[in-house]
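Below, each chain spelled out in residue letters.
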Amino acid sequence: MKLEKIESFDALKERFEAVRHLLGSRVEGGDPNKQYEREVLVCGGTGCVSSDSFKIIENLRLEIDACGLSTKVQVLKTGCFGFCEKGPIVLIQPDNVFYVQVTPDDAADIVRQHLVGNGRVVRLLYEEPLLKKKIEKSRDIPFYKKQIRIALRNCGVINPENILEYIAADGFQALGKCLKELTGPQVIDFMKKSGLRGRGGGGFPTGLKWEAAARFASEEKFIICNADEGDPGAFMDRSILEGDPCSVLEAMTIAGYAIGASVGYVYIRAEYPLAIQRLEIAIEQARQIGMLGKNIMNSGFDFDIELKFGAGAFVCGEETALIQSIEGCRGEPTTKPPFPAESGLWKVPTCVNNVETLANIPAIFTRGLDWFTSIGTDKSKGTKVFALAGKINNVGLVEVPMGTTLREIIYDIGGGIRGGREFKAVQTGGPSGGCITKENLDTPITYENLTAIGSMMGSGGMIVMDDSDCMVNISKFYLEFTLEESCGKCTPCRIGNKRLHEMLTAITEGKADKDIMQRLSALGETIKKTSLCGLGQSSPNPVLSTMKFFKDEYLEHIIDHKCRAGVCKNLMQYVIISDKCVGCTACARNCPQNCISGKVKQPHVIDQTKCIKCGICYQKCKFGAIEIR
Amino acid sequence: MEKAIDTCEQSGVAKEMFEKLDMFINSFEIDTNGTRRKGDLIRILHRAQQIFGYLPEEVQIHVARKLNVHHSEVSGVISFYNYFTTEPRGKHNISVCMGTACFVKGADKILEEFEKELGIKAGQVTEDMEFSINIVRCIGACGLAPVVTIGEKVFGRLKPGGDVKKILDQYRSEVAE
Ligand SMILES: Cc1cc2nc3c(=O)[nH]c(=O)nc-3n(C[C@H](O)[C@H](O)[C@H](O)COP(=O)(O)O)c2cc1C
Ligand code: SF4
Ligand code: SF4
Ligand code: FES
């Protein structure tokens, strides 16, 4: 594809008119000039791609050709629709019909029944789990009803590998407006008024950050997009980069204009190959149409963007460590001040912003301050994307207005707890955050509220846990993570966390002293106060918060040597109840240790000294004769 | 997949690999006396690991010389980042995700099964160099938890007691052919 250069803001507006038909059937109302009668959108995000969505696309195209529809129907790959639980997803527009869990073999039915026959493939429609009712249109599915999409506005709507579709979705209008109508300080003023706060964890106001970087005079400055997304269990940044890479490029260019930088870097994890590929395509196309490079839209402003790669270190998400990493060093954080705004990459003023923060920016400029500030709460404006995962029915990405309650997210959008089990806690903020329990389900989500109840917004990972999860074990899991990821520069984090982890291990093995909880909290508080960077300063949070909310469960482990969730292996036993055992031998045949004995049709016994607590016998017994104690 | 260097030295494959790497490094036109000469180090190490499969000492020294930095600086960077390895990996490298979403869905049991099936621990390689296991933290496919990747291929929604063996059998039959 050869793309023509856009020389001015007016030319951009003309180009918009010329390409808006591309989204004809995909946006509300539609464009009468649309090229195709129907469009079939197939999710091309990492999740659905690993479930064969490329093969679905291929089969759909073959089938459409075979039915002679290729001039009337177009098949497109888009970014993530967010409803990963039900992937791969296929959306047919303008009908707005939403097919879930599609396999490559379903292509024939979709083409013949829907596209040719104008019917519906009922078996592929989403079924509302409570009422067992099929729902046809995506906008009627509860998962989408309470969502407002700003950062994710183009994900699942446009083809991320075609910059013209981004232009058709109002792309680069914000940049054009800034370059032509606003000065740098005016852009910053606008950002300050919007109330947008960083989505990467800290929640620092973006306008203020830009102002700080603009204040320091320097010939050279840098914009960095933080796409390191280290919180395990969060995947919104990946989805944005895969589904709408151009919006991030546009926002970085606006930021560059505002602070006076002409070079930007996207620091991206090497674990995200698809996002890297889409970014590379987007950068190349943006250069071709003149949205990156010299004299953008004839404004005299130059800006270009390059990718920098991470290499699997969580601490590199911290901005000073990230800068070290771009400089080709070990990613160890440095003390602040000086803040990056004053002395960042190569010691010049640098502004680091998160992917989701950036993705909001073009929309705020095109739709205006009144619109944006009307969404959210007083101090937390706009929306936040959360990655819902764990024991929830609808795993996926959800974008909700700030101020939405956890209950709405978990029950209305998330569809409640998997398998009808009982909600226990939700962990937000990843390894730096804490648990939120039933009592706080109705707290409106804002930066301040989450901190007040002992957790934090973090990057938006939301892991839902049920009664089969052991809270001691979960906090041990997070500490293992921190331990591995601590850069080792300062002692409290490097050694303190190791001691915390040892204590937790002792608890899960039933070897802890009675006063261990006091020692845990004393050490935890010390680590928080004395560590150098955010990683160490927040690493004890999961332990401290679970100790606070699940004290009984800790005490049961410590004093009664019991794990009520049945997770801590050293604290449990599998026992065969002889009254219930019919002697079918199923357990004995499957035991990997061969430690179950007994004659056919007679009660069996488990040799506790050899049992490794794998739980296989428990699963295999069809008579409920094995109990966990 | 690239073979270990010592086994290919004789065939001249190693020479070809170094040439490939040099071509990549030269494309950056690095000023070897400039203060920013390390800026492309991580990208170069990524490429080197792609070419050689791992980062043995001779590759490290080679890169250090090309950038005019000390070998210790290069090895310091390699040891810091989990993605880089100084030991060869198996032909099929199995990455088991131990991110939070996967963990609460039982990733530890999946890892255990791989370890047991292959008779190695995470971080090790089987004797025939066919398989290796390593742990990764979230590949962003949490919707499919628990997730395992082998090469570029992603396997999701795995259940203990069967899936692991099935996956391995796929690759084992490839070996047998
Ligand atoms: C240990 C640690 C890890 C972090 N990881 C990330 C990350 O993966 N992505 C991110 O955007 N910010 C991360 N941050 C926050 C960054 O330091 C920084 O505040 C953020 O990128 C600023 O962007 P924002 O103002 O747009 O949120 C992390 C911070 C700490 C202390
Ligand atoms: S707190 Fe931990 S991760 Fe941060 S600088 Fe200190 S040792 Fe490194
Ligand atoms: S599987 Fe159940 S019923 Fe059968 S022998 Fe074992 S304990 Fe008894
Ligand atoms: S936690 Fe495993 S893919 Fe995210």
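The shown structure was predicted, so the numbers you read here are calculated from the model rather than taken from an experiment.

J.: How should I be thinking about the overall build of chain B in this particular structure?
T.: Each helix and strand in chain B was counted, giving 8 helices and 4 strands. Moving toward the C terminus, one meets the helices and strands of chain B in the order α-α-α-α-α-β-α-α-β-β-β-α. In terms of principal-axis extent, the alpha carbons of chain B reach across some 55 × 35 × 25 Å. Taking all 177 residues of chain B together, 50% fall into the buried category. Taking as baseline every contact in chain B between residues at least 6 positions apart, the subset at least 24 positions apart corresponds to 62%. For chain B, the computed accessible surface area is about 8700 Å², with 48% contributed by carbon and sulfur atoms. Positive and negative side-chain charges in chain B, numbering 23 and 26 respectively, have mean positions lying 6 Å apart.

J.: Just checking my understanding: could you explain the site of ligand 3 for this structure?
T.: Of all residues adjacent to ligand 3, which total 13 residues, the nearest are A:Cys581, A:Cys584, A:Thr585, A:Cys587 and A:Cys621. For the shell around ligand 3, a count of residues per class yields 10 nonpolar, 3 polar and no charged.

J.: What is the right way to look at the site of ligand 1 in this model?
T.: All names here are of chain A. Taken together, 18 residues lie near ligand 1, and Gly200, Lys209, Asn226, Asn354 and Thr357 sit nearest. Here asparagine 353 contributes a side-chain N or O atom positioned 3.3 Å from an oxygen atom of ligand 1. Here ligand 1 has 610 Å² of accessible area as a free molecule, and 88% of this is covered by the chains. Going through the elements one at a time, strand 10 (350-354) and helix 21 (534-538) are the ones with two or more residues in the shell around ligand 1. With 3 residues, strand 10 is the single largest residue contributor to the shell around ligand 1. For the shell around ligand 1, the per-class residue count stands at 3 nonpolar, 9 polar and 6 charged.

J.: Sorry if this is basic, but what is going on with the interface of chain B and chain A here?
T.: Frequently, the measure chosen for interface size is the accessible area removed from exposure when the parts meet. Residue-level contacts link 36 residues of chain B with 56 residues of chain A. With both chains or domains summed, chain B and chain A bury close to 3700 Å², and 56% of this area falls on carbon and sulfur atoms. It is B:Arg36, B:Phe80 and B:Arg137 in chain B that bury the most area against chain A; as a group they hold 19% of the surface buried on that side. Put simply, chain B and chain A have 5 salt bridges between them. Among the ionic pairs, B:Arg43 bridges to A:Glu306, the shortest N-O distance being 3.7 Å. Counting across the chain B and chain A interface gives 22 residue pairs in polar contact (both at pLDDT 80 or more). For the side of chain B that touches chain A, the secondary-structure elements that each account for two or more residues are helix 3 (41-52), helix 5 (71-80), helix 6 (100-104) and helix 7 (107-118) of chain B. For the side of chain B that touches chain A, a count of residues per class yields 17 nonpolar, 10 polar and 9 charged.

J.: Before we go on, may I ask you to explain the domain arrangement of chain B in this structure?
T.: Taken as a whole, chain B is organised into domain 1 (2-80) and domain 2 (92-176). Between the C-alpha centres of domain 1 of chain B and domain 2 of chain B the distance comes to 29 Å.

J.: Explain the pairing of strand 3 (residues 90-93) of chain A here, please?
T.: Residues in a regular strand point their side chains to alternate faces of the sheet. Residue and element names in this part refer to chain A. A two-sided burial pattern is seen for strand 3, the buried positions comprising Val90 and Ile92 on one face and Leu91 and Gln93 on the other. Note that strand 1 (residues 38-43) and strand 3 share 4 bridges and pair antiparallel. Each residue of the ladder has a partner; that of valine 40, found in strand 3, is isoleucine 92. The hairpin turn running from strand 3 into strand 4 (residues 97-99), its antiparallel successor, is 3 residues long, and asparagine 96 in that turn takes a positive phi close to 60 degrees.

J.: Would you mind showing me how to read the pattern of salt bridges here?
T.: One side chain can pair with another of opposite charge once the charged atoms of both are near each other. All names here are of chain A. Throughout the structure, instances matching the rule amount to 53 salt bridges over all chains. The residue arginine 238 makes a salt bridge to glutamate 242 at a minimum N-O spacing of 2.9 Å. Here arginine 238 pairs with glutamate 242, and both are found in helix 10 (residues 236-243), just 4 residues apart, close to one helical turn. Residue classification places arginine 238 among the buried positions, given a relative accessible area of 3%. Connected through shared salt-bridge partners, Lys391, Arg421, Asp466, Asp467 and Asp469 make up one network.

J.: Which parts of the structure should I look at to understand the packing of aromatic side chains?
T.: In this description, an aromatic ring pair is defined by two values, namely the gap between the centres and the angle between the planes. Residue and element names in this part refer to chain A. The full count for this structure, using the stated rule, is 22 aromatic pairs over all chains. Ring centres 4.2 Å apart and planes at 15 degrees place the aromatic pair phenylalanine 190 and phenylalanine 365 in the stacked group. With phenylalanine 190 in helix 8 (residues 184-194) and phenylalanine 365 in helix 14 (residues 355-367), the pair connects residues that are 175 residues apart, well separated along the chain. Measuring from ring centre to ring centre gives 5.4 Å for tyrosine 257 and phenylalanine 301, while their planes differ by 75 degrees; the resulting arrangement is edge-to-face.

J.: Honestly, the sheet that holds strand 3 of chain A in this entry has me stumped. Any pointers?
T.: Each strand in a sheet pairs with another by means of backbone hydrogen bonds, the pair being arranged parallel or else antiparallel. Residues and elements named next belong to chain A. Overall, mixed pairing links the 4 strands, which are arranged 2-1-3-4 in an open sheet. Both outer strands of the open sheet, strand 2 (73-78) and strand 4, are each paired with one neighbouring strand and no more. Across the sheet, the mean angle from the axis of one strand to that of its neighbour is 20 degrees, orientation sign disregarded. Of the pairings in the sheet, the one linking strand 1 to strand 2 comprises 6 bridges and is parallel in character.

J.: What is the right way to read the pairing of strand 10 of chain A from this model?
T.: Residues and elements named next belong to chain A. Counting buried positions over the 5 residues of strand 10 gives 5, a clear majority of the element. Every second residue of strand 10 is oriented toward a common face, with Thr350, Val352 and Asn354 on one face and Cys351 and Asn353 on the other, all of them buried. Pairing analysis gives 5 bridges linking strand 7 (residues 222-227) to strand 10, with the strands arranged parallel. Each residue of the ladder has a partner; that of phenylalanine 222, found in strand 10, is threonine 350.

J.: It is not clear to me how helix 3 of chain B should be interpreted in this structure. Could you clarify?
T.: Every α-helical turn comprises 3.6 residues, leaving residues that sit three or four positions apart pointing alike. Residues and elements named next belong to chain B. Helix length check: helix 3, at 12 residues, gives a terminal C-alpha distance of 16 Å against a target of 16 Å (1.5 Å per residue), a fit within 8%. Here helix 3 lies mainly inside the structure; 9 of its 12 residues are buried. Among the residues of helix 3, those classed as buried are Leu41, Ile42, Ile44, Leu45, His46, Ala48, Gln49, Ile51 and Phe52. In the segment just after helix 3, glycine 53 is the residue with positive phi, at about 90 degrees.

What counts, and at which threshold
Residues numbered from 1 in each chain as written. Chains lettered and ligands numbered in written order. Predicted model: local features only at pLDDT ≥ 70, side-chain atom pairs only at ≥ 80, totals over all residues. Heavy atoms only, no water. Helix = DSSP H or I, 4+ residues; strand = E, 2+ residues; numbered from the N terminus. Buried < 20%, exposed > 50% of the residue type's maximum accessible area, 1.4 Å probe, protein only. Contact = heavy atoms within 4.5 Å. Areas by Shrake-Rupley, 256 points an atom, 1.4 Å probe, with all protein chains shown as cover. Lys, Arg positive; Asp, Glu negative; His and termini not counted. Charge placed at Lys NZ, Arg CZ, Asp CG, Glu CD. Near = heavy atom within 4 Å. Nonpolar A, V, L, I, M, F, W, Y, C, P; charged D, E, K, R; others polar. Polar contact = N/O pair within 3.5 Å; in protein donor to acceptor, adjacent residues only side chain to side chain. Buried area = accessible area lost by both parts, 1.4 Å probe. Salt bridge = Lys/Arg side-chain N within 4 Å of Asp/Glu carboxyl O. Domains from an automatic or database assignment. Pairing = 2+ DSSP bridges. Phe/Tyr/Trp six-rings, centres within 6.5 Å; stacked < 30°, edge-to-face > 60°. Axes fitted to C-alpha atoms, helices over the stretch in contact; angles between N-to-C directions. Expected span 1.5 Å × (residues − 1).

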